[in-house]
Amino acid sequence: MIAQVLRFSGVGILALIVHWLVVVLLVPFGMAPLLANVVAFLVAFNVSYFGHRRLTFQADGLEHSRTLPRFATVALASFAVNEASYALLLHFTPLRYDLALLLVLGGVAVMTFILSRFWAFAP
């Protein structure tokens, strides 16, 4: 279990970096932070899905037709929490958009791990 949490953390940090970089690259070009967050989610989803499937949960033996829809459901639920929390932080706090996003991304990681481990990639 500890090794799995460490692998999840590694993949998650990589996906977080990709997500965050996409946002901080798009916002200075005039894209609204919440819209940039959607684009970043779509890019980072691939890092997250394939990384967790192969490394974290070692689910190569499971069919993509089963794991992809389940993980997409987990990711979309996590993203809904992400986007709502991000909107609230942007609206009600003086936090910069990039720092607010880091807080939100870290906060949804626990939910993603639990749902992925016990449902999306469960044998």
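The model shown is predicted, which means the values in this text are computed figures rather than measured ones.

Visitor: I would appreciate a short explanation of the overall build of the protein in the present structure.
Guide: Each helix and strand in the protein was counted, giving four helices and zero strands. Of the regular secondary structure in the protein, the N- to C-terminal order runs α-α-α-α. The C-alpha atoms of the protein give 15 Å as radius of gyration, which agrees with the globular expectation for 123 residues (14 Å, within 12%). Out of the 123 residues in the protein, the part that is buried amounts to 37%. Considering only contacts within the protein whose residues lie at least 6 apart along the sequence, 70% involve residues at least 24 apart. Taken as a whole, the protein presents about 6800 Å² of accessible surface, with 76% of it coming from carbon and sulfur. Here the protein contributes 7 positive and 4 negative side-chain charges, whose respective centroids are spaced 9 Å apart.

Visitor: Teacher, can you tell me more about the packing of helix α1 (residues 2-26) against helix α4 (residues 97-120) here?
Guide: Working note: a packed helix pair is described by the angle between its axes plus the distance between those axes. Interaxial distance between α1 and α4 falls to 10 Å at its minimum, and their mutual angle equals 145°. Considering the relative orientation of α1 and α4, their crossing is right-handed. Within the contact between the two elements, α1 uses Gln4, Val5, Phe8, Leu16, His19, Trp20, Val23 and Val24 and α4 uses Tyr97, Asp98, Leu101, Leu102, Leu105, Gly106, Ala109, Thr112, Phe113 and Arg117. Each residue belonging to the contact of α1 with α4 can be placed in one class, and the counts come to 12 nonpolar, four polar and two charged.

About the thresholds
- Residues numbered from 1 in each chain as written.
- Predicted model: local features only at pLDDT ≥ 70, side-chain atom pairs only at ≥ 80, totals over all residues.
- Heavy atoms only, no water.
- Helix = DSSP H or I, 4+ residues; strand = E, 2+ residues; numbered from the N terminus.
- Rg over C-alpha atoms; globule rule 2.2 N^0.38 Å.
- Buried < 20%, exposed > 50% of the residue type's maximum accessible area, 1.4 Å probe, protein only.
- Contact = heavy atoms within 4.5 Å.
- Areas by Shrake-Rupley, 256 points an atom, 1.4 Å probe, with all protein chains shown as cover.
- Lys, Arg positive; Asp, Glu negative; His and termini not counted.
- Charge placed at Lys NZ, Arg CZ, Asp CG, Glu CD.
- Axes fitted to C-alpha atoms, helices over the stretch in contact; angles between N-to-C directions.
- Left-handed = near helix turned anticlockwise from the far one by under 90°.
- Nonpolar A, V, L, I, M, F, W, Y, C, P; charged D, E, K, R; others polar.

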